[in-house]
Amino acid sequence: MEYTPPPKPQLSSRANAFSIAALMSSGSSKDKESPENTIKPLEQFVEKSSCAQPLSDLSSLDPHGDFSSSPSSLCTEPLIPTTPIIPSEEMAKISCSLETKELWDKFHELGTEMIITKSGRRMFPTIRVSFSGVDPEAKYIVLMDIVPVDNKRYRYAYHRSSWLVAGKADPPLPARLYVHPDSPFTGEQLLKQMVSFEKVKLTNNELDQHGHIILNSMHKYQPRVHIIKKKDHTASLLNLKSEEFRTFIFPETVFTAVTAYQNQLITKLKIDSNPFAKGFRDSSRLTDIER
């Protein structure tokens, strides 16, 4: 009988990442995944070009302590610097507003939690933003990433209904950027429409091959929105260090990644606010308190 090789998940996360990168760079047409569930070539360019930069240049926050700076090591630092950069005069004019801010404020007050699963779970509330001050004639790439708030792991204390520090953060996971699938946008488009990241999925699967953002459970995270001015002579982002970009952070979107909701009030608010949770609202399985 012919020997069948073991399935891919047996690979280490480092070996797996490089095998994916090799697949993407080879231009193979054998990829049978749907476009939504596959790491886009643009994301690959961003990931490879950013990871090639010295780690010391990328972040002064250093949320996880000491990393190996070996070129072959898996990139775990944020792919876009966490240190504020001085934007050019043109980029400084751009502003970004968080849509549905009132809803985010309600969650933030309770301590937002986001479910992460092996197959990937969409965020609710969804990050939706609108831009102003962009050049209508220029083209822009809009991206999102999620970075750790600190180097701590948390636990939920039910008797106090609050989150407490439980120790040092778990080892860092591969850093990823989500490039909005409609990128590049024209400035004119950005002035007229809202940019929604409803397709972003969160996972705790280190071997994920679908471009989902990989997070550690019981850790706190901050989503970030980035806008990059696309240069005419580049087909893709080959080097983030040479690109003009702005980063926008909304503190009310900080959340704790969980595999099951810890705070009952968060569960209730999610069910009450999410239009896709109608089945839960109508379910006879809910107790009176949960309703």
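Residues numbered from 1 in each chain as written. Predicted model: local features only at pLDDT ≥ 70, side-chain atom pairs only at ≥ 80, totals over all residues. Heavy atoms only, no water.

As named in an unreviewed UniProt entry, the protein is T-box transcription factor TBX20, taken from Mystacornis crossleyi. Here the protein is described in UniProt, under the heading Subcellular location (unreviewed entry), as follows: "Nucleus". (UniProt positions renumbered as here; feature names shortened; annotations may be inferred.)

Asker: Explain the environment of I249 residue by residue, including any values.
Answerer: Tracing the sequence through the fold places I249 in strand 14 (residues 244–249). In the structure, I249 is positioned 151 residues away from L98 in sequence and 9.4 Å away in space, judged by C-alpha atoms. The contact partners of I249, leaving out residues within four places of it in the chain, are Q222 and R224. (Helix = DSSP H or I, 4+ residues; strand = E, 2+ residues; numbered from the N terminus. Contact = heavy atoms within 4.5 Å.)

Asker: Any chance you could break down the nonpolar core for me, citing the residues and the numbers?
Answerer: M123, F131, F197, L202 and I227 are the most contacted members of the largest nonpolar core, which totals 33 residues. Contributions of two or more residues to this core are made by strand 1 (95–98), strand 4 (128–132), strand 5 (139–148), strand 13 (220–230) and strand 15 (255–258). Of all the elements, strand 5 adds the most residues to this core, at four residues. Those residues within four positions of F131 in sequence are excluded, and the remaining contacts are I94, S95, C96, V142, L190, L191, V195, V225, I227 and F248. (Core = buried A, V, L, I, M, F, W, Y, C linked by side-chain atoms within 4.5 Å. Buried < 20%, exposed > 50% of the residue type's maximum accessible area, 1.4 Å probe, protein only.)

Asker: Account for the side chain of H212, with residues named and values stated.
Answerer: Among the secondary structure elements, H212 is positioned in the loop between strand 11 (201–203) and strand 12 (213–214). Here S119 takes part through its backbone oxygen, which lies 3.4 Å from a polar atom of the side chain of H212. (Polar contact = N/O pair within 3.5 Å; in protein donor to acceptor, adjacent residues only side chain to side chain.)

Asker: Residues and numbers for the pairing of strand 6 (residues 152–157), please.
Answerer: Alignment of strand 6 against strand 7 (residues 162–168), held across six bridges, turns out to be antiparallel. By the bridge assignment, Y154 is partnered in strand 7 with V165. A loop of four residues connects strand 6 with strand 7, the two strands running antiparallel in sequence, and S161 in this loop sits at a positive phi of about 50°. (Pairing = 2+ DSSP bridges.)

Asker: Could you give an account of the sheet that holds strand 1, naming the residues involved and the relevant values?
Answerer: Taking strand neighbours across the sheet as the criterion, the three strands line up as 1-4-10 in an open arrangement whose pairing is antiparallel. The open sheet has two edge strands, strand 1 and strand 10 (195–196), and neither has a second partner. Bridge count between strand 1 and strand 4: four bridges; the pairing is antiparallel. In the sheet register, C96 faces strand 4, and the bridge partner there is F131.

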